[in-house]
Each structure stands twice: as structure tokens, then as C-alpha cells.
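Notes for the structure review
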Amino acid sequence: MLAVHNLTMEFPGVKALDAVNLSFQAGKVNALLGENGAGKSTLLKILSGLYRPQKGRALIDGLDMQHVARGSLSRHIGYLPQQVRLFAGTLRENLMSGLLGVSDEQLRQACEVTGLIQLINSHSKGFDLPISEGGGGVSGGQRQLIGLTRLLLARPQVWLLDEPTSSMDDATELRTLQILRQIIQPDQTLILVTHKPAMLALTGRLIVMGQEGILLDGLRDAVLATLQEHHGKKQTSSPTQ
């Protein structure tokens, strides 16, 4: 289980998180919604162990993350940022970075599951496709698929995905939705930041974040109904042109 208690995070001139309290049960799928600057990405980075809270605590199975070795966190928690960074090398090297004991067959199977195999089969060099620093040579959507494939190979217990389909077209996003349904196991936890309505089909719980903190937290359909009702009231109360 992941949890944050009285979590506060500030950047110069901006308070990203203000005394936030949340817990995430194992085996549940959660989505974080909210306007830009609401702290969604910051929260994911704290839960991944990349950011250290300025105030409050981030916990994994009751242990303060600051007291857990980085290697142990990396084995249990997989984090996919919105902008997937790749290094200069081959596609294989980018996929296998930091992973041990992955066979060529397992690598190919993971690429077939995520659909990355289409890129591999379409290039004369296959897995040796050259990638330049930062990801040059592949599209934004392909970079996201590479990151997703890398997570599948790592097999974490917790998946933290920050706008995983933001650079994908509708067809690739639909396939990614189907992929996530297939690969997330019943005992694994998914926390998803998204602004794509289609991706909400994955989740059972929605958390709406704003500048004031946690605005809504509950079952998906109930939260969506509340948001729709609020939107309708705003339109009704707006002056006619």
C-alpha cells in the first residue's frame, strides 16, 4: 500500500501540494484528475521516490520511503513520466537498461503485447534501431510505448503512469487502454494521471486535485456525475451572450 500524510511540496512561487492525505490500496486502479498546476505529476514523483517531501511523509507498506533503499523502491514501483527520455543507443539498449535476466524471447513477447513490435518489424535494423539522445528517431507516441514496454519487462507491483497516451493518436490510445487492461494484474496497483476520457474506463476510483487540495475522491461514476452536475450549474449560471 502507498500513502501520503500531510504532504506539502513547494517550488519557487508555487505551492504544488498542501497538506495532502491519500492512501492507495494494493490491487486497485486510481486516476488523478485536475487542472495544470494541481500537483498531480508532483505527487507521482513523490510516490515513485524521485522527489523527497518537504513536509509530511510518503509511505510504502507503512515504511517511510526515505528509509527504503532506492534499488528496492525501483523493483517495486514503476514510473512512466509524460515525457519519456531515451538515451543515445539502440532500441534494445533503451528497453533493457537497468534490467537483468530478461531473455530475447521475453523481450520480443513484451514488444508484441504493447505493439512496439510494429516499429521493430518495420525497420531494417529491428531491435538495433538507432536512437539519438532524448529520443530522436522515434515519435512521441513511440517513446511512450517504449517506456510502457520497459515497465512491462520490469514487472513492478505499483504502476505510476503520467499521461501515458498524451502523444498517441486515438487508435494507439485505444490499443494502449486494452494493453493496460491485459497486463495489470489483480494484485498490482495503478495510479494514472490523465486528461483523456477514454482512459478513465480503466479506473474504479477518481481523485480530483486542485489548487485547494483534494476536491473530490470516490468511485469513478459518482465523481464523474458530480463533475458533470457542477459543469451544468456553471453553464446555467453563466450570462447569455
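That block above? That's the structure.
First, a word on what this report is: a plain description of the structure on this page. (Residues numbered from 1 in each chain as written. Predicted model: local features only at pLDDT ≥ 70, side-chain atom pairs only at ≥ 80, totals over all residues. Heavy atoms only, no water.)

**Focus on the overall build of the chain**
Applied cut-off: Secondary structure elements follow DSSP: runs of H or I of four or more residues count as helices, runs of E of two or more count as strands, with numbering from the N terminus. Each radius of gyration reported is based on C-alpha atoms, and the globular scaling rule is 2.2 Å times the count of residues to the power 0.38. Using a 1.4 Å probe on the protein chains alone, a residue whose accessible area is under 20% of its type maximum counts as buried, one over 50% counts as exposed, and one in between counts as partly exposed. Whether two residues are in contact is decided by their heavy atoms: any pair within 4.5 Å suffices. Reported accessibility uses the Shrake-Rupley method at a 1.4 Å probe radius. Residues are deemed covered only where the shown protein chains occlude them. None of His or the chain ends enter the tally, which takes Lys and Arg as positive and Asp and Glu as negative. One atom stands in for each charge, and that atom is NZ of Lys, CZ of Arg, CG of Asp or CD of Glu.
Counting its regular elements, the chain contains eight helices and 12 strands. Against the 2.2 N^0.38 benchmark of 18 Å for 241 residues, the chain shows a C-alpha radius of gyration of 19 Å, consistent with a compact globule. When the backbone C-alpha atoms are referred to their principal axes, the chain occupies close to 60 × 50 × 35 Å. Split into buried and exposed, the 241 residues of the chain put 45% on the buried side. Put simply, 65% of the contacts in the chain that link residues at least 6 apart link residues at least 24 apart. In the form shown here, the chain has an accessible surface area of approximately 12,500 Å², with 50% of it arising from carbon and sulfur atoms. Side-chain charges of the chain comprise 23 positive and 21 negative groups, with the mean position of each set lying 2 Å from the other.

**Thoughts on the packing of helix H4 (residues 104–114) against helix H7 (residues 170–183)**
Test applied: An axis is simply a line fitted to the C-alpha atoms; with a helix, the fit covers only the stretch in contact. Between two such axes, the angle follows the N-to-C directions and lies from 0 to 180 degrees. Between 65 and 115 degrees an angle is taken as roughly perpendicular, under 35 as roughly parallel, over 145 as roughly antiparallel, and anywhere else as oblique. Each residue is assigned to one of three groups, with Ala, Val, Leu, Ile, Met, Phe, Trp, Tyr, Cys and Pro labelled nonpolar, Asp, Glu, Lys and Arg labelled charged, and all others, Gly among them, labelled polar.
Taken N-terminus to C-terminus, the directions of H4 and H7 make an angle of 130°; their axes are 9 Å apart at the nearest point. By the angle between their axes, H4 is oblique relative to H7. The segment H4 lies against H7, with Glu112, Val113 and Thr114 engaging Arg175, Ile179, Gln182 and Ile183. When its residues are assigned to classes, the contact of H4 with H7 shows three nonpolar, two polar and two charged.

**Some remarks on the side chain of Gln188**
This is how it is decided: Nitrogen and oxygen atoms within 3.5 Å of one another constitute a polar contact, given that in protein one can donate a hydrogen and the other can accept it, and given that sequence-neighbouring residues count only through two side-chain atoms.
On the secondary structure map, Gln188 appears in the loop between H7 and strand S10 (189–193). Only 3.1 Å separates the side chain of Gln188 from the backbone oxygen of Pro156, close enough to count as a polar contact.

**With respect to the sheet that holds strand S4 (residues 55–60)**
Short version of the rule: Strand pairing is assigned whenever DSSP identifies at least 2 bridges connecting the two strands.
Taken in spatial order, the four strands make up an open sheet running S2-S1-S4-S5, and their pairing is antiparallel. Either end of the sheet is taken by a strand with one partner, and the two such strands are strand S2 (14–24) and strand S5 (63–64). Across five bridges, strand S1 (residues 2–11) lies against S4 in antiparallel orientation. Residue pairing in the sheet places Ala3 in a bridge with Leu59 of S4. Across the sheet, helix H1 (residues 40–48) touches S1, S2 and S4, and the angle it forms with S1 is around 125°.

**So, the pattern of salt bridges**
Keep this limit in mind: Just to be clear on terms, a salt bridge is a Lys or Arg side-chain nitrogen sitting within 4 Å of an Asp or Glu carboxyl oxygen.
For the structure shown, the criterion picks out six salt bridges. One salt bridge connects Lys15 with Glu10, and the closest N-O pair in it is separated by 3.5 Å. Residue Lys15 is classed as partly exposed on the basis of its relative accessible area, which comes to 37%. In this structure Glu10 comes out as partly exposed when scored by relative accessible area, which is 35%. Between Arg220 and Asp221 there is a salt bridge, with its nearest N and O atoms 3.1 Å apart. Several salt bridges converge on common partners, so that one network encompasses Glu10, Lys15 and Asp18.

**Side note on the side chain of Asp162**
The topology assignment puts Asp162 in strand S9 (residues 158–162). In this structure, Asp162 is buried with no salt-bridge partner, the nearest side chain bearing the opposite charge being Lys45 at 6.3 Å.

The quantities given are spatial measurements derived from coordinates; they are silent on function.
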